Amino acid sequence: MNKQELLAKLDELKSDYVRIQSDLDKLEYVKGRVSSAEGQLIRLEGEIAEVNRQLAALEEQE
């Protein structure tokens, strides 16, 4: 992936993270099951970290 693709992917992941965080807050408020949303957030955190790592590697090459 090039830098623009990685930045677009990062924006997408961050948007998903914010949406799921909001859903999690709503579930907690109504005492719903939050384990699935928490799992999704953990997965997204890992993906965001990986994209950031790839971006850093690209910037080192420049």
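Above this text sits the structure in question.
As the structure is a prediction and not an experimental result, all values here were calculated from the model. Think of each chain on its own: its residues are numbered from 1, step by step along the sequence as written. Local features in this predicted model are restricted to residues of pLDDT 70 or higher, and side-chain atom pairs are both shown and tallied only at a pLDDT of 80 or more, whereas totals for entire chains, interfaces and linings draw on every residue. Values reported for side chains reflect all heavy atoms of the structure, with hydrogen atoms and water molecules removed beforehand.

Notably, lysine 31 is not glycine yet its phi reads approximately 60 degrees, a positive angle. Put simply, DSSP H or I for four residues or longer makes a helix, DSSP E for two residues or longer makes a strand, and each gets a number counted from the N terminus. Tracing the backbone through its elements, the reader meets lysine 31 in the loop between helix H1 (3-29) and helix H2 (35-61).

What follows concerns the nonpolar core. Leu6, Leu10, Leu13, Ile20, Leu24, Val34, Ala37, Leu41, Leu44, Ile48, Val51 and Leu55 form the largest nonpolar core, which has 12 residues in total. Only H1 and H2 provide two or more residues apiece to this core. The dominant element in this core, judged by the number of residues it contributes, is H2, at six residues. As used here, the term nonpolar core means buried Ala, Val, Leu, Ile, Met, Phe, Trp, Tyr and Cys residues forming a set that is joined through side-chain atoms within 4.5 Å. A simple rule labels every residue: compare its accessible area, found with a 1.4 Å probe on the protein chains alone, to the largest value its type can have, and call it buried under 20%, exposed over 50%, or partly exposed in between.

What counts as a salt bridge is simple: a side-chain nitrogen of Lys or Arg found within 4 Å of a carboxyl oxygen of Asp or Glu. Taken as a whole and assessed by the stated rule, the structure comprises five salt bridges. Two residues, arginine 19 and aspartate 16, come together in a salt bridge whose shortest N-O distance is 3.9 Å. Placement of the pair is arginine 19 and aspartate 16 together in helix H1, with a separation of three residues, close to one helical turn. In this structure arginine 19 comes out as partly exposed when scored by relative accessible area, which is 44%. Glutamate 50 is paired through a salt bridge with arginine 53; the nearest N and O atoms lie 2.5 Å apart.

Turning to the environment of glutamate 28, a few remarks are in order. Residue position: glutamate 28 is located in helix H1. Glutamate 28 gets classed as partly exposed once you look at its relative accessible area, which sits at 44%.

Packed helices, taken two at a time, are described by their axes: the angle between them and the distance between them. Axis angles are defined between N-to-C directions and span 0 to 180 degrees, where every axis is a line fitted to C-alpha atoms and, for a helix, only to the segment in contact. Where H1 meets H2, the closest approach of the two axes is 9 Å, and the angle between their N-to-C directions is 160 degrees. By the angle class used here, H1 and H2 are roughly antiparallel. The two elements H1 and H2 cross, and the hand of that crossing is left-handed. We call Asp, Glu, Lys and Arg charged. Ala, Val, Leu, Ile, Met, Phe, Trp, Tyr, Cys and Pro are nonpolar, and the rest, Gly among them, are polar. Classifying every residue of the contact of H1 with H2 by side-chain character gives 15 nonpolar, four polar and eight charged. For classification, angles of less than 35 degrees are called roughly parallel, those exceeding 145 degrees roughly antiparallel, those between 65 and 115 degrees roughly perpendicular, and all remaining angles oblique. Crossing chirality is assigned from the near helix's rotation relative to the far helix, an anticlockwise turn below a right angle marking it left-handed and a clockwise turn marking it right-handed.

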